[in-house]
Amino acid sequence: MSVKEILQSLVDDGMVDTERIGTSNYFWAFPSKALHTRKRKLETLEIQLAEATQKEESLQKCVDEAKIGRQDTEERSKLAKELATLRQEREQLCTELEKYKECDPDVIEEIRQSNKVAKDAVNRWTDNIFAVKSWAKKKFGFEQSKIDKTFGIPEDFDYID
């Protein structure tokens, strides 16, 4: 049983080839196959290395080109400080704008629309409750006050205008 397992692991690793012929399994390994496999692997790795080296050189060239004109000068440092202060001021203005967002006419109109939808939904459910109360009253002969008390419906329950 262990020979079978070892052969299977060698087949899985690609070190031994196998073929089923009729009812028999044949295993073989050629020394030249391993050599050719290593050579192909070496060639692909060399190609990948050349591509990576070429890419590194092109990226380094791009970095060098980007550095041109970016030397630290007094004017550049002054503009960088000004940019930082303007960004900070922009952040402060954005936070202040967030405070007043609830007074925005678009937001107010959106709230009004959502209130209208909610009001329609409440009235629809109120109508459904009245329909169920009416059905229960007709079907079972319950009094309206008993239905209200049983289901926890308040006495002032009515449509919203």
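Residues numbered from 1 in each chain as written. Predicted model: local features only at pLDDT ≥ 70, side-chain atom pairs only at ≥ 80, totals over all residues. Heavy atoms only, no water.

A.B. asks: I tried to follow helix 2 (residues 31–67) on my own but got confused; where do I start?
C.D. replies: Count 3.6 residues to each turn of an α-helix, and residues three or four apart come out pointing the same way. Between its terminal C-alpha atoms helix 2 stretches 54 Å, which fits the 54 Å expected from 37 residues at 1.5 Å a residue. Phi turns positive one or two residues past the end of helix 2, at glycine 69, with a value near 85 degrees. (Helix = DSSP H or I, 4+ residues; strand = E, 2+ residues; numbered from the N terminus. Expected span 1.5 Å × (residues − 1).)

A.B. asks: Mind showing me how you'd approach the UniProt feature "coiled-coil region" (unreviewed entry) in the protein chain here?
C.D. replies: In this structure's numbering, the residues bearing the UniProt feature "coiled-coil region" (unreviewed entry) are residues 35–103. The straight-line gap between the two end C-alpha atoms of residues 35–103 is 78 Å; of that span, 86% is helix and 0% is strand. (UniProt positions renumbered as here; feature names shortened; annotations may be inferred.)

A.B. asks: Teacher, can you tell me more about the packing of aromatic side chains here?
C.D. replies: The relation between two aromatic rings is expressed through the spacing of the ring centres and the mutual angle of the planes. Taken as a whole, this structure holds four aromatic pairs when the rule is applied. Plain terms: the ring middles of tryptophan 135 and phenylalanine 140 are 5.7 Å apart, the flat faces sit at 90 degrees to each other, and that makes the pair edge-to-face. Owing to a relative accessible area of 48%, phenylalanine 140 belongs among the partly exposed residues under this scheme. Three or more aromatic residues link up through ring pairs in this structure, and these residues are Phe130, Phe157 and Tyr159. (Phe/Tyr/Trp six-rings, centres within 6.5 Å; stacked < 30°, edge-to-face > 60°. Buried < 20%, exposed > 50% of the residue type's maximum accessible area, 1.4 Å probe, protein only.)

A.B. asks: How should I be thinking about the packing of helix 4 (residues 105–140) against helix 5 (residues 144–151) in this particular structure?
C.D. replies: Packed helix pairs are characterised by how far apart their axes lie and by the angle those axes make with each other. Close contact between helix 4 and helix 5 brings their axes to 10 Å; oriented N to C, the two are set at 125 degrees. In terms of orientation, helix 4 and helix 5 fall into the oblique class. Where helix 4 crosses over helix 5, the handedness of that crossing is right-handed. On the side of helix 4, the interface is formed by Lys133, Ala136 and Lys137, while helix 5 contributes Gln144, Ile147 and Asp148. Class assignment of the residues belonging to the contact of helix 4 with helix 5 gives a composition of two nonpolar, one polar and three charged. (Axes fitted to C-alpha atoms, helices over the stretch in contact; angles between N-to-C directions. Parallel < 35°, antiparallel > 145°, perpendicular 65-115°, else oblique. Left-handed = near helix turned anticlockwise from the far one by under 90°. Contact = heavy atoms within 4.5 Å. Nonpolar A, V, L, I, M, F, W, Y, C, P; charged D, E, K, R; others polar.)

A.B. asks: Any chance you could explain helix 4 here in plain terms?
C.D. replies: Helix length check: helix 4, at 36 residues, gives a terminal C-alpha distance of 52 Å against a target of 52 Å (1.5 Å per residue), a fit within 8%. Where helix 4 is concerned, the buried positions are Asn123, Thr126, Lys133 and Ala136. In this structure, the buried residues of helix 4 make contact with helix 5. Directly after helix 4, the chain includes glycine 141, whose backbone phi takes a positive value near 75 degrees.

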